[in-house]
Amino acid sequence: MKNYLLGCDWGTSSFRLRLIDSTGHQLIGEITSQEGIASTFTAWKAIGDGATLPREQFFRRQLKRQIKQLSTKVGIDLSGIPIVISGMASSSIGMAEVPYATLPFPVDGSLSSTKRLPKQGDFPHEITLISGVRTEHDVMRGEETQLIGLLALLDTQHVTTNASILIFPGTHSKHIYIQNQQVIDFQTFMTGEVFNLMAHYSILKDSIAPKELDLFSERECNAFKSGVTESGSPSILNSLFRVRTNQLFSQLTKPENALYLSGLLIGEELKTLIDQPQWQLILCSGTNLYELYKLAMHELQLSNRTTTISADLIDKATIAGQVKIAQNQLVNG
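A few points on the structure. Given the structure is predicted, the values throughout are model-derived calculations rather than measurements. (Residues numbered from 1 in each chain as written. Predicted model: local features only at pLDDT ≥ 70, side-chain atom pairs only at ≥ 80, totals over all residues. Heavy atoms only, no water.)

**A short note on the pattern of salt bridges**
Using the criterion set out here, one finds 9 salt bridges in the structure. Between E56 and R60 there is a salt bridge; the shortest N-O distance is 3.0 Å. Taken together, the residues span about one helical turn, with E56 and R60 both in helix α2 (residues 55–74) at a distance of 4 residues. For E56, a relative accessible area of 23% corresponds to the partly exposed category. Residue classification places R60 among the buried positions, given a relative accessible area of 2%. Its salt-bridge partner being K271, residue E268 comes within 3.1 Å of it at the nearest N-O pair. Salt bridges sharing partners connect three or more residues here, namely R16, R18, E30 and D315. (Salt bridge = Lys/Arg side-chain N within 4 Å of Asp/Glu carboxyl O. Helix = DSSP H or I, 4+ residues; strand = E, 2+ residues; numbered from the N terminus. Buried < 20%, exposed > 50% of the residue type's maximum accessible area, 1.4 Å probe, protein only.)

Pasting the structure below:
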């Protein structure tokens, strides 16, 4: 049991708890739920904003319930096993706020900003909260742990990552610049969130019909590629209205138009990479966005300097990052 670790990825809207054998990053078992930091914080506020129960204790209570579920699932008494928590638990709406680490940020996690919370009588687990990283104008929280783990895994495969931009697609896509084993910069793109806003709350909502991102017809692929091409137009604000006229003039079906919109936004994000030819590109996507990003990079002629990372390696990255940071904690006492 001494090599066991509880790794918790506690995001804004989701929760994942894993039992890990740290010697080989082996996953023993896991549970997931939609009880993210935002809903947990709201639930704590609803009972009196600390007057009834301090925030840290409320979060411990939620964790204790989840640990019990995982213990039942794997059939192992998890008492005494330390917990490493990445994601939003270290934010202003989390368990306890932890200051951001700053740049340059070593990719071995040696300068990760963490906070230890000791065991308590009714909670026999030491907790390590991992904070995020900030620049003057940007922040990430959770991706840095995934990054640390991913680069450690790639190192074992002798994949060179120096002078590289790692691209993590998602609701808030991240482009992370690595040089000399350090994060020297990163940028956030609200690609996924803008798509959701346009698709559900704008005038465009009746012009598109988003579908599962798995298999596409030739016409759907062409619509996506057309959106990527149009993203090179001077103004994305003007290009977005084309989604409306595509449907109004029966130029595209609603599913095709959804992919056109996706192409516009992903193309707008990735075209920033065209004028940075000195950087190797590493596409890190374990999601169904992978194929769209890969297609967009081909359309923008970025494929020849792009390395793609397999989905299974991305899935292991958070585990590897949490283990690496936990090991750093032991070395540093």
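More follows now that the structure is in view.
**Regarding the packing of helix α7 (residues 254–270) against helix α8 (residues 290–299)**
Contact pair α7 / α8: the axes reach a minimum separation of 10 Å and the direction vectors enclose 65°. Note that α7 runs across α8; the crossing there is right-handed. Contacts between α7 and α8 involve L259, S262, I266, E269 and L270 from the first element and L292, Y293, A296 and M297 from the second. Taken together, the residues that form the contact of α7 with α8 break down as 7 nonpolar, 1 polar and 1 charged. (Axes fitted to C-alpha atoms, helices over the stretch in contact; angles between N-to-C directions. Left-handed = near helix turned anticlockwise from the far one by under 90°. Contact = heavy atoms within 4.5 Å. Nonpolar A, V, L, I, M, F, W, Y, C, P; charged D, E, K, R; others polar.)

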